Amino acid sequence: MLKKLIASGSAAVIALTTLAQGVVMWAPAVTDPELIDAVSWAYDAGLTKYSDADAFMPFNNLTREQFSKFASQFASSVLNIEADETATCEFSDESSADSSLVPFMIQSCQQGLMMGSNGVFMPKQLVTRGQVATVISRMLGEIDPQASQQEHFAYLQSQGIMN
């Protein structure tokens, strides 16, 4: 299980590290066996609708609404992080989101992973490295979830998780 968890995390990191590189117009075929296994595991775990690594498009950018699905599903199905359904998670920009992803935006907020800012979620914006670090740190639950992105990132660096 740990190998699958690490492999799925690797797939997510590979997908997310392309964010700084801009939009990818052409992507090579996925041939890395570890990535192929990770995507297969993520599909079997219900974390993605894509059953193969090429369809998963690991070299493409990721929006906040897309990341909310991956993060909330991973948190609930792998880490057993439950949503606090009494938490108020309403965003004034929900109507601009893909309607199939709105429940995951809400769930990720109720799990304390992605809360948006000043009542907006910014679903179509690309997720940043700092936002990913914050979500990962919140999943680990070792520091105050309300800490700044810099504090979450510093914590992950101190643990050897990000550099």
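Below you will find a few notes about this structure. Everything numeric in this text was worked out from a predicted model, so none of it was measured. Residue positions within a chain follow its written sequence, with the count starting from 1. With the structure being a predicted model, the display of local features is reserved for residues of pLDDT at least 70 and the display and counting of side-chain atom pairs for 80 or more, all residues being used for whole-chain, interface and lining totals. Hydrogen atoms and water are omitted, and side-chain values are computed over all heavy atoms in the structure.

In this section: unusual backbone geometry. If you check the backbone angles, Asn80 has positive phi at about 55° while not being a glycine. Categorising residues by exposure relies on relative accessible area from a 1.4 Å probe, with only protein chains included: less than 20% of the type maximum marks a residue as buried, more than 50% marks it as exposed, and the intermediate range marks it as partly exposed. Among the residues examined, Asn80 registers a relative accessible area of 60% and is labelled exposed. The phi dihedral of Met122 falls on the positive side, at around 60°, and the residue is not glycine. What makes Met122 partly exposed here is its relative accessible area of 23%.

Another point: the environment of Val78. Numbered from the N terminus, helices here are DSSP runs of H or I no shorter than four residues, and strands are runs of E no shorter than two. Assignment of secondary structure puts Val78 in the loop between α4 (64-77) and α5 (102-110). Take Val78: its relative accessible area is 15%, and that puts it in the buried class. Spatially, the C-alpha atoms of Val78 and Leu47 are 9.7 Å apart, while their sequence positions differ by 31 residues.

Two cysteine sulfur atoms form a disulfide, by the criterion used here, when they sit within 2.5 Å. Tallying each qualifying case throughout the model produces 1 disulfide. A sulfur-sulfur distance of 2.1 Å marks the disulfide that ties Cys89 to Cys109. Looking along the S-S bond of the Cys89-Cys109 disulfide, the torsion reads about -75°, which is the left-handed sense. A residue pair is termed long-range when its members are at least 10 positions apart, and Cys89 in the loop between α4 and α5 and Cys109 in helix α5 qualify at 20 residues. When its relative accessible area of 8% is taken as the criterion, Cys89 is described as buried. A relative accessible area of 9% means that Cys109 is categorised as buried.

A few words now on the packing of α4 against α5. Lines fitted to C-alpha atoms define the axes, with helix axes restricted to the stretch in contact, and inter-axis angles between N-to-C directions lie between 0 and 180 degrees. At their nearest, the axes of α4 and α5 sit 8 Å apart, and the two run at 55° to each other. Here α4 lies oblique to α5, going by the angle between them. When you trace α4 past α5, the crossing you get is left-handed. Contact with α4, carried on its side by Glu65, Ser68, Lys69, Ser72, Gln73 and Ser76, involves Phe104, Met105, Gln107 and Ser108 of α5 and no other residues of that element. Residues are grouped as follows: nonpolar covers Ala, Val, Leu, Ile, Met, Phe, Trp, Tyr, Cys and Pro; charged covers Asp, Glu, Lys and Arg; every other residue, Gly included, is treated as polar. For the contact of α4 with α5, the class distribution of residues is 2 nonpolar, 6 polar and 2 charged. In this scheme, roughly parallel covers angles under 35 degrees and roughly antiparallel covers those over 145, while 65 to 115 is roughly perpendicular and the rest are oblique. In this scheme the crossing of two helices becomes right-handed for a clockwise turn of the near helix relative to the far one and left-handed for an anticlockwise turn of less than a right angle. Residue contacts are defined here by distance: any two heavy atoms, one from each residue, within 4.5 Å place the two residues in contact.

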